[in-house]
Amino acid sequence: MQSIFDYDKQSLIDYFLSIGEKKFKAEQVYSWIYEKRVFNFDDMTNLSLDLRDKLKSTFDISLLEIVRKQESDDTNKYLFKLSDGNFIEAVLMKHDYGNSVCVSSQVGCNMGCAFCESGRLKKVRDLLPGEIVRQILMIEDDYKNRISSVVVMGIGEPFDNYDNVMRFIRIINDPKGIAIGARHITVSTSGLVPKIYEYADEGIQTNLAVSLHAPNNELRSKIMNVNKAYNIDLLIKAVKDYIDKTNRRVTIEYLLLKDVNDTSECAQELADLLKGLNVYVNLIPYNETSHIEFKKSTKENIMNFYDILKKNKINVTIRREFGGDIDAACGQLRASEVERWNHFILQTQER
Ligand code: SF4
């Protein structure tokens, strides 16, 4: 049975029309779910009993199960169980100006970035649109607060699950859906160049973030496999095309790894690479994990890197560190916790 959360408004309308129901009935169902947050067809009292029965036998309307929640002052990390027994994570970040959620787009990830805890488990499958949507619904329900912005930056490469992520965006951006403004939605890619071109042609006002993490091909290929398929020249060309077409500024994510990519030479090379582009650089202090050999840059190196970019007139910020104490920071999702659960499930299935 397909989840009702996989449907954006238009596809739900199309389905209703195909079974001889009126368009406004589909809109009523959409409103029950996203405006009234009613997750039971029996409670949709302005629908006929007949239609409610039809919906019950056609759609799954179940939510995700919160298996575990870890809380700190500025962050909540959620572990969700999917209906097939796989586990995914999402993170709520509490800001003074609102709440943002970092969602996962795949179970596991095939991109194999060397520094990434999240990518240690190979991709099991893509998430369906409704599985991404429900991460937000579950967090809003648990936190009893609205989410004002969303980043698709959790487990998975969103552009490796392009169509489902785009449908997810349509659902959360719909004023009659979760109603998150396009400018408050950011998709982050490790650099799947053909999809950057496709994204530029979508005609939507959402944001693009690109994980660059190195200023030259030699270094980038060492830490990001994707660079072997789409090198920095191709990536920067695609970013330029995106900026030209959308007139939107692109965020360049740069994870600072001690003695790997945090030297003065790297900073200058990065400044030269990005000069004249409408981008801003987000420097991310690395969060050390127990499994991966990289180390966090020193404060001096971080500030030196920042100063060199500034001196070269590159817009740059240093990302505030969220949730390092609960392994919720960038590249730390799908850490040992999820691995343990999936291992447990695998063993249970093998028995
Ligand atoms: S950083 Fe992102 S793209 Fe790279 S392995 Fe991790 S989850 Fe995948």
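The structure we're discussing is the one just above.
A. Spatial organisation of the pairing of strand E11 (residues 207–211). The buried fraction of E11 is high, at 5 of 5 residues. With burial as the criterion, each face of E11 is covered, one bearing Asn 207, Ala 209 and Ser 211 and the other bearing Leu 208 and Val 210. Here 4 bridges tie strand E10 (residues 185–189) to E11, and the two strands are oriented parallel to one another. Residue pairing in the sheet places Thr 189 in a bridge with Val 210 of E11.

B. A look at the pattern of salt bridges. One pass over the full model with this rule turns up 25 salt bridges. Measuring nitrogen to oxygen at the nearest pair gives 4.0 Å for the salt bridge that ties Lys 23 to Glu 27. Of the two residues, Lys 23 and Glu 27 both sit in helix H2 (residues 23–34), 4 residues apart, roughly one turn of that helix. Overall, Lys 23 belongs to the partly exposed group, its relative accessible area being 44%. Among the ionic pairs, Asp 160 bridges to Lys 123, the shortest N-O distance being 3.2 Å. Pair noted here: Asp 160 is in the loop between strand E9 (149–152) and helix H5 (162–173) and Lys 123 is in the loop between strand E7 (106–107) and strand E8 (125–126), with a separation of 37 residues, a long-range link.

C. Quick look at the pairing of E10. The buried count for E10 comes to 5 of 5 residues, which makes it a mostly enclosed element. Here E10 shows two buried faces, one formed by Ile 185, Val 187 and Thr 189 and the other by Thr 186 and Ser 188. This β-α-β element, E9 to H5 to E10, shows right-handed connectivity. With helix H6 (residues 193–200) bridging E10 and the parallel E11, this β-α-β connection has right-handed handedness.

D. Fine view of the sheet that holds strand E4 (residues 75–81). Spatial ordering of the open sheet is given by E3-E4-E5-E6-E9-E10-E11-E12-E13-E14, a layout of 10 strands whose pairing is mixed. Every interior strand has two partners, whereas the edge strands, strand E3 (65–71) and strand E14 (315–318), have only one. Between one strand axis and the next, the sheet turns by 20° as a mean value, whatever way the strands run. In the sheet, strand E12 (residues 250–256) pairs with strand E13 (residues 279–285) via 7 bridges, with the strands oriented parallel.

E. Spatial organisation of the environment of Arg 248. Within the element layout of this structure, Arg 248 appears in the loop between helix H9 (232–246) and E12. For the pair Arg 248 and Leu 277, spaced 29 residues apart in sequence, the C-alpha to C-alpha distance is 11 Å. The contacts of Arg 248, once residues within four sequence positions are left out, are Arg 183, Gln 205, Thr 206, Asn 207, Tyr 242, Ile 243 and Asn 278. A distance of 3.3 Å separates the side chain of Arg 248 from the backbone oxygen of Gln 205, its partner in a polar contact.

F. Main features of the site of the ligand. Taken together, 8 residues lie around the ligand, and Cys 109, Met 111, Cys 113, Cys 116 and Gly 156 are the ones closest in. Counted by class, the shell around the ligand contains 4 nonpolar, 4 polar and no charged residues.

G. Molecular detail of the packing of aromatic side chains. Considering all chains together, one arrives at 11 aromatic pairs under this definition. Arranged with centres 5.1 Å apart and planes meeting at 85°, the rings of Tyr 7 and Phe 59 form a pair that is edge-to-face. Of this pair, Tyr 7 sits in the loop between strand E1 (2–3) and helix H1 (9–18) while Phe 59 sits in strand E2 (residues 59–60); the two residues are 52 residues apart in sequence, bridging distant segments of the chain. The exposure classification of Tyr 7 matches that of Phe 59, with both residues buried.

H. Molecular detail of the side chain of Asn 99. Secondary-structure assignment places Asn 99 in strand E6 (residues 98–103). Within the local environment of Asn 99, its side chain forms a polar contact with the backbone oxygen of Arg 146, the two atoms lying 3.2 Å apart. If we ignore the near neighbours within four places in the chain, the residues touching Asn 99 are Leu 92, Met 93, Lys 94, Tyr 143, Asn 145, Arg 146, Ile 147, Ser 148 and Ser 149.

I. Quick look at unusual backbone geometry. Within the chain, Arg 37 stands out as a residue other than glycine whose phi angle is a positive 55°. With respect to the secondary-structure elements, Arg 37 resides in the loop between H2 and helix H3 (49–58). When its relative accessible area of 24% is taken as the criterion, Arg 37 is described as partly exposed.

What counts, and at which threshold
- All chains use their own residue numbering, which begins from 1 and follows the written sequence.
- Reporting of local features is limited, given that this is a predicted model, to residues whose pLDDT is at least 70; pairs of side-chain atoms are given and counted only at 80 or more, and all residues count toward the totals for whole chains, interfaces and linings.
- The basis for every side-chain value is the complete set of heavy atoms in the structure, and neither hydrogens nor water enter the calculation.
- Working definition: with a 1.4 Å probe on protein chains only, accessible area under 20% of the residue-type maximum means buried, over 50% means exposed, and in between means partly exposed.
- Each helix corresponds to a stretch of at least 4 residues labelled H or I by DSSP, and each strand to a stretch of at least 2 residues labelled E; elements are numbered beginning at the N terminus.
- Criterion used throughout: strands pair if DSSP finds at least two bridges between them.
- For this analysis, a salt bridge means a side-chain nitrogen from Lys or Arg found within 4 Å of a carboxyl oxygen belonging to Asp or Glu.
- The crossover handedness rule: strands pointing away from the viewer, path from first strand over the helix to second strand clockwise, crossover right-handed.
- Axis geometry follows a simple rule: fit a line to the C-alpha atoms, using only the stretch in contact for helices, then measure angles between N-to-C directions, giving values from 0 to 180 degrees.
- For this analysis, residues touch if any pair of their heavy atoms sits within 4.5 Å.
- In the analysis that follows, any N or O atom pair within 3.5 Å is treated as a polar contact, provided that within protein one partner can donate a hydrogen and the other can accept it, and provided that, for residues neighboring in sequence, both atoms belong to side chains.
- The cutoff for a nearby residue is simple: one of its non-hydrogen atoms must lie within 4 Å of the molecule or strand.
- Residue type decides the class: Asp, Glu, Lys and Arg count as charged, Ala, Val, Leu, Ile, Met, Phe, Trp, Tyr, Cys and Pro as nonpolar, and the leftover types, Gly among them, as polar.
- Any Phe, Tyr or Trp ring, taking Trp's six-membered ring, that has another such ring centre within 6.5 Å forms a pair; planes under 30 degrees apart are called stacked, those over 60 apart edge-to-face, and the others tilted.

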